[in-house]
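Summary of the model geometry
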Amino acid sequence: MSKNRLKGLRKEKGYTLNEIAQYTGITRSTCNDYENGKTEPKLATWEKLAKFYGVEPAYLVGWNDER
């Protein structure tokens, strides 16, 4: 699995896993698994998370450095 930017971006923005779950509808445990590379989100979920954080999906996934 690739190194994604989910945990870093969440901490940068000051959100808890519970808040991410509340705002996105993705369970806390699933968010935790995504952050730790245990599972990988589907494309629609990457897009949902990128929209929430206000970044491009490719940035979130770690494919490029442009937000």
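As a starting point, this report considers the structure included with it. None of the values given here were measured: they were computed from a predicted structure.

Attention now moves to helix α2 (residues 17-24). One turn of an α-helix holds 3.6 residues; hence residues three or four places apart share an orientation. Every buried residue of α2 is accounted for by L17, I20, A21 and T24. Viewed along the axis of α2, the buried residues span an arc of 100 degrees, placing them on a single side of the element. Those residues of α2 hidden inside the fold are in contact with α1 (6-13), α3 (28-35) and α4 (43-53). Directly after α2, the chain includes G25, whose backbone phi takes a positive value near 80 degrees.

For the rest of this paragraph, the subject is the side chain of T24. Mapped onto the elements of the fold, T24 is located in helix α2. Separated by 2.7 Å, the side chain of T24 and the backbone oxygen of I20 make a polar contact. Polar contacts involving the side chain of T24 include one to the main-chain amide nitrogen of I26, which spans 3.2 Å. In this view, T24 contacts K48, L49 and F52; residues no more than four positions away in its chain are not counted.

Grouped together as the largest cluster of nonpolar side chains are 15 residues, with contacts concentrated most on L6, L9, L49, Y53, V55 and L60. Elements that contribute at least two residues to this core include exactly α1, α2, α3, α4 and α5 (57-61). The element that contributes the greatest number of residues to this core is α4, accounting for four residues. Leaving out residues up to four positions away in the same chain, V55 has contacts with L9, A50, L60 and R67.

Turning our eyes to something else, we now look at α1. Residues L6, L9 and R10 constitute the buried set of α1. Buried positions in α1, seen along its axis, are confined to an arc of 100 degrees and lie on one side of it. Here the buried face of α1 lies against α2, α3, α4 and α5. Looking one or two residues beyond α1, the residue adopting positive phi is G14, at roughly 80 degrees.

Parameters at a glance
- Residues numbered from 1 in each chain as written.
- Predicted model: local features only at pLDDT ≥ 70, side-chain atom pairs only at ≥ 80, totals over all residues.
- Heavy atoms only, no water.
- Buried < 20%, exposed > 50% of the residue type's maximum accessible area, 1.4 Å probe, protein only.
- Helix = DSSP H or I, 4+ residues; strand = E, 2+ residues; numbered from the N terminus.
- Arc of directions from axis to C-beta.
- Contact = heavy atoms within 4.5 Å.
- Polar contact = N/O pair within 3.5 Å; in protein donor to acceptor, adjacent residues only side chain to side chain.
- Core = buried A, V, L, I, M, F, W, Y, C linked by side-chain atoms within 4.5 Å.

Honestly, it's all geometry; don't read function into it.
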